[in-house]
Amino acid sequence: MAVYTEVTPDAAGALLATLGLGPLRHLTPIASGIENTNYFVGTDDGEWVLTVFERLHHDQLPYYLGLMHHLASRGLPVPDPLADAGGQRVHTLGGKPAALVNRLPGQTLDAPDLHHCGQLGHTLAAMHLAVADFPLVQPNLRGPAWREQAAQDVATWLDGDAAELLRAEIAFQRSVTGSAAWQALPVGAVHADLFRDNALFDGLPGRERLSGVFDFYFAGTDHFAYDLAVVLNDWCVDLASGALDADRAQALLQAYEQARPLDSHERRLLPAMRRAAALRFWLSRLDDWHRPRDASLLTPKDPGHFERVLRHAVAEPWHP
């Protein structure tokens, strides 16, 4: 959601015309995020979010946009990609793939409490249940194979304790992914990046309701327990120390299990999944930090945060 591709009002207006929308009232760049170019778009017909994809190709996008449409059609608070007259949800701007989705109400939260974590847990479970009949399959592109390669790529930037942590964690994750319990974990389409800045809440302070889950462009077919671990590692950790807040974690998991109880394999491997999720984001942030891309408004995120989350997950595993 940094700005890599400058979209002009004329280009945006032309896309809106092909979608039967318009005229363009405003085009505002969105500064948060690091992967794609995003703009808020206003027309007489409503408010939208325009995404220009910087790394994904046209042929990869039907999975992500199809998943969003599937979830939205099941009544979940997910933006629905707008299709053209031919039914295509993948469009083109400046030679790059693009999508236009409805803008959901609400604001992101910097400091979620038990109330917010419970709502997120319930919605996450509903998403996992809703994909039972989603027909498309695509591996999580930042799954175990990616982590192995990324670990080799970032090793040159690490030494001392950090280098040893990475070596030990890669070895541990190899043992996990080779286990029968890991192979038996339930799988389906998962968000895989549902951080607190990818959810919206609307309403009076203390009485907010979850109004949106967005940014599905790291989604893939993976274990539901891994998706849950990603959420726990962001919504339920202390941002300063990286330590898990057990009260928030319990509130989130309890709400999740009211809709979708964990099976025995998921419960057993959730601590290992938290480590895998922390490793994944430590690696990607290391790469973004040391090999930044040229983009207006871009600020790479500190990789040290997820190193701390990983260290806590290793030293103090949380067993639900």
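See above for the structure.
Because the structure is a prediction, the values reported are computed rather than measured.

The next thing to look at is the side chain of histidine 305. Looking at the element boundaries, histidine 305 is found in helix α10 (residues 304-315). With sequence-adjacent residues up to four places away left out, histidine 305 is seen in contact with Val237, Asp238, Leu239 and Arg285.

This part covers the nonpolar core. By size, the foremost hydrophobic cluster in this structure holds 80 residues, and its most contacted members are Trp235 and Trp282. Ranked by residues supplied to this core, first place goes to helix α9 (residues 264-290) with 12 residues. Non-local contacts of tryptophan 235, meaning those with residues more than four positions away in its chain, are made with Pro112, His116, Cys117, Leu120, Leu194, Phe195, Arg196, Ala199, Phe201, Arg248 and Leu252. Core analysis: the next-biggest nonpolar cluster, separate from the first, contains 14 residues, Leu19, Val41, Leu50 and Leu93 among them.

With 13 residues, helix α2 (residues 61-73) should cover 18 Å at 1.5 Å per step; its first-to-last C-alpha distance of 18 Å lies within 8% of that length. For α2, every residue scored as buried is listed here: Leu61, Tyr63, Tyr64, Leu65, Leu67, Met68, His70 and Leu71. Positive backbone phi, at 85 degrees, marks glycine 75, one or two positions downstream of α2.

Moving on, we come to the pattern of salt bridges. Side chains that differ in sign of charge can pair as their charged atoms come close. Counted according to the given criterion, the structure contains 15 salt bridges. A salt bridge links arginine 196 to aspartate 234; its shortest N-O distance comes to 3.3 Å. Pair noted here: arginine 196 is in the loop between β6 (187-190) and β7 (199-202) and aspartate 234 is in helix α7 (residues 224-235), with a separation of 38 residues, a long-range link. The same class applies to arginine 196 and to aspartate 234, which are both buried. Taking the shortest distance from any N to any O, the salt bridge between aspartate 197 and lysine 301 comes out at 3.3 Å. Residue aspartate 197 is located in the loop between β6 and β7, and its partner lysine 301 is located in the loop between α9 and α10; the two are separated by 104 residues in the primary sequence. Accessibility expressed as a relative area gives 30% for aspartate 197, which makes it partly exposed. Owing to a relative accessible area of 31%, lysine 301 belongs among the partly exposed residues under this scheme.

Turning our eyes to something else, we now look at the packing of aromatic side chains. Going through the model one piece at a time under the given rule, you end up with 8 aromatic pairs. Plain terms: the ring middles of phenylalanine 195 and phenylalanine 281 are 4.7 Å apart, the flat faces sit at 55 degrees to each other, and that makes the pair tilted. Residue phenylalanine 195 is found in the loop between β6 and β7, and its partner phenylalanine 281 is found in helix α9; the two are separated by 86 residues along the sequence. Residue classification places phenylalanine 195 among the buried positions, given a relative accessible area of 5%.

So, on to the packing of helix α4 (residues 144-154) against helix α5 (residues 160-177). In the contact formed by α4 and α5, the axes pass within 11 Å of each other and the chain directions differ by 165 degrees. Considering the angle they form, α4 stands roughly antiparallel to α5. Both α4 and α5 take part in a crossing whose hand is left-handed. Seen from α4, the contacting residues are Pro144, Arg147, Glu148, Ala151 and Val154; seen from α5, they are Leu166, Ile170, Gln173, Arg174 and Thr177.

Next up on the list: unusual backbone geometry. Between glycine 22 and proline 23 the backbone carries a cis peptide bond, its omega angle lying at -5 degrees. In this structure, proline 23 sits in the loop between α1 (9-18) and β1 (24-29). One non-glycine residue, alanine 192, lies in the positive phi region at around 70 degrees. With respect to the helices and strands, alanine 192 occurs in the loop between β6 and β7. Of note in this structure, aspartate 215 is not a glycine but carries a positive phi near 60 degrees. Its location among the elements puts aspartate 215 in the loop between β8 (209-213) and β9 (220-223). Owing to a relative accessible area of 18%, aspartate 215 belongs among the buried residues under this scheme.

Definitions and cut-offs
Residues numbered from 1 in each chain as written. Predicted model: local features only at pLDDT ≥ 70, side-chain atom pairs only at ≥ 80, totals over all residues. Heavy atoms only, no water. Helix = DSSP H or I, 4+ residues; strand = E, 2+ residues; numbered from the N terminus. Contact = heavy atoms within 4.5 Å. Core = buried A, V, L, I, M, F, W, Y, C linked by side-chain atoms within 4.5 Å. Buried < 20%, exposed > 50% of the residue type's maximum accessible area, 1.4 Å probe, protein only. Expected span 1.5 Å × (residues − 1). Salt bridge = Lys/Arg side-chain N within 4 Å of Asp/Glu carboxyl O. Phe/Tyr/Trp six-rings, centres within 6.5 Å; stacked < 30°, edge-to-face > 60°. Axes fitted to C-alpha atoms, helices over the stretch in contact; angles between N-to-C directions. Parallel < 35°, antiparallel > 145°, perpendicular 65-115°, else oblique. Left-handed = near helix turned anticlockwise from the far one by under 90°.

So far we have only geometry, and geometry alone does not tell us how the molecule works.
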